[in-house]
Amino acid sequence: PGALVAWLGARIPADVPLRCFLYLENACELNCEFCGLPGARSASLAGHAGAAVPHGQRFPPGQDLIDSAGFQGQLDFLRRQRPLAELCVTGNDWCAHPRLDALLEALNSEEGPPLSLYGPSLGLSDPALRDRVLALPGLSELRLSLHSSSEEVHDQVSGVPGSAARLQALLAWIAREAPHLALRVNAVLTRRVVGTLPETLRWLDERSLRVSLLAYIPDRDVGASLELGPRPRDLMLPWSLVRAALD
């Protein structure tokens, strides 16, 4: 990867940003209907033939999924790149990483690379974590997951009651207190989400928020025979519904 980044950095125009993504696949606080590895259903999926191995089995609580020294090495490499490469930390939810304190400590440097953070980010509704993250010197962009402006619909999608209210309050606070930060939301398009998409887009527009609409494309029928939630094919929607909602 280091050689590839160096090769690209030497060939792309100076005004084209080079962004390196670090995907942290750890357990998430949410239990979204479209997720193939929902945390709340992990126990029921354990041992089921043909199901994806749940987070609880793949990543036991407290396991160091990316060690601090390895993360520091990545940061040191990015600092040496010219033009300076941006680091985007993403994943199931970087806020829930078991070594979050060490990761944030490493990022809290004036010499760090430009930084963007993508994820559900429900943990940022905690004022202490929110303030610590927004104080990171290199932070330039933050993306949160909000699937509907309807609190009821978003909570149904996320599987966590009250998550919409927490996220909406967080978005309002950041827009008011950190206007310099590029703030966006992600929404995963399922049948439930597209039903309120026109209202959601109007709600976002009124707040001058940009949105990335993500396609839901499952790779397997996880848990369908166990009746653990909607079957993936029942969540998928034809493009015609998306087009109608956008129109």
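The rules we used
- Residues numbered from 1 in each chain as written.
- Predicted model: local features only at pLDDT ≥ 70, side-chain atom pairs only at ≥ 80, totals over all residues.
- Heavy atoms only, no water.
- pLDDT = per-residue confidence, 0-100.
- Contact = heavy atoms within 4.5 Å.
- Buried < 20%, exposed > 50% of the residue type's maximum accessible area, 1.4 Å probe, protein only.
- Helix = DSSP H or I, 4+ residues; strand = E, 2+ residues; numbered from the N terminus.
- Arc of directions from axis to C-beta.
- Pairing = 2+ DSSP bridges.
- Axes fitted to C-alpha atoms, helices over the stretch in contact; angles between N-to-C directions.
- Parallel < 35°, antiparallel > 145°, perpendicular 65-115°, else oblique.
- Nonpolar A, V, L, I, M, F, W, Y, C, P; charged D, E, K, R; others polar.
- Left-handed = near helix turned anticlockwise from the far one by under 90°.
- Phe/Tyr/Trp six-rings, centres within 6.5 Å; stacked < 30°, edge-to-face > 60°.
- Lys NZ or Arg CZ within 6 Å of the ring centre and 35° of its normal.

### Thoughts on the confidence of the model for the protein
- Mean pLDDT for the protein: 81, with 79% of residues reaching 70 or above.
- For residues 38–57, every residue scores under 50 in pLDDT, and the model assigns this stretch 40 contacts once sequence neighbours within four places are set aside.

### A word on helix 5 (residues 100–107)
- Along helix 5, the residues that are buried comprise Leu100, Leu103, Leu104, Ala106 and Leu107. Looking down the long axis of helix 5, one finds its buried residues gathered within 160° of arc, a one-sided arrangement. In helix 5, those exposed residues whose orientation departs by more than 90 degrees from the buried face are Asp101 and Glu105.

### A look at the pairing of strand 1 (residues 19–24)
- With burial as the criterion, only one face of strand 1 is covered, namely that bearing Cys20, Leu22 and Leu24; the residues Arg19, Phe21 and Tyr23 on the opposite face remain uncovered.
- In the sheet, strand 1 pairs with strand 2 (residues 86–91) via six bridges, with the strands oriented parallel. Considered in strand 2, the bridge of leucine 24 is made with glycine 91.

### Describing the packing of helix 5 against helix 6 (residues 127–134)
- Remark: helix 5 packs on helix 6, axes separated minimally by 10 Å, with the N-to-C direction vectors making an angle of 30°. Looking at the two axes, helix 5 sits roughly parallel to helix 6. Across the interface between the two elements, Leu100, Asp101, Leu104 and Glu105 of helix 5 pack against Leu129, Arg132 and Val133 of helix 6.
- Of the residues in the contact of helix 5 with helix 6, the class split is four nonpolar, no polar and three charged.

### Some thoughts on the environment of isoleucine 217
- As for its placement among the helices and strands, isoleucine 217 is situated in the loop between strand 6 (210–215) and helix 11 (232–235).
- For isoleucine 217, a relative accessible area of 67% puts it in the exposed group.

### With respect to the packing of helix 6 against helix 8 (residues 163–177)
- Axis separation between helix 6 and helix 8 bottoms out at 13 Å; the angle between their running directions is 40°. As summarised for this structure, helix 6 and helix 8 are arranged oblique, according to the angle between their axes. As helix 6 packs across helix 8, the resulting crossing turns out to be right-handed. Touching Arg130, Asp131 and Leu134 of helix 6 are Leu170, Trp173 and Ile174, all from helix 8.
- When grouped by side-chain class, the residues that make up the contact of helix 6 with helix 8 number four nonpolar, no polar and two charged.

### So, the packing of aromatic side chains
- This structure, assessed with the given rule, holds one aromatic pair.
- Taking 6.1 Å as the distance between ring centres and 65° as the angle between the ring planes, the aromatic pair formed by phenylalanine 21 and tyrosine 118 counts as edge-to-face. Of this pair, phenylalanine 21 sits in strand 1 while tyrosine 118 sits in strand 3 (residues 115–118); the two residues are 97 residues apart in sequence, bridging distant segments of the chain.
- Here tyrosine 118 falls in the buried class, since its relative accessible area comes to 9%.
- We note arginine 130 situated over the ring of tryptophan 173; from NZ or CZ to the ring centre the distance is 3.6 Å.

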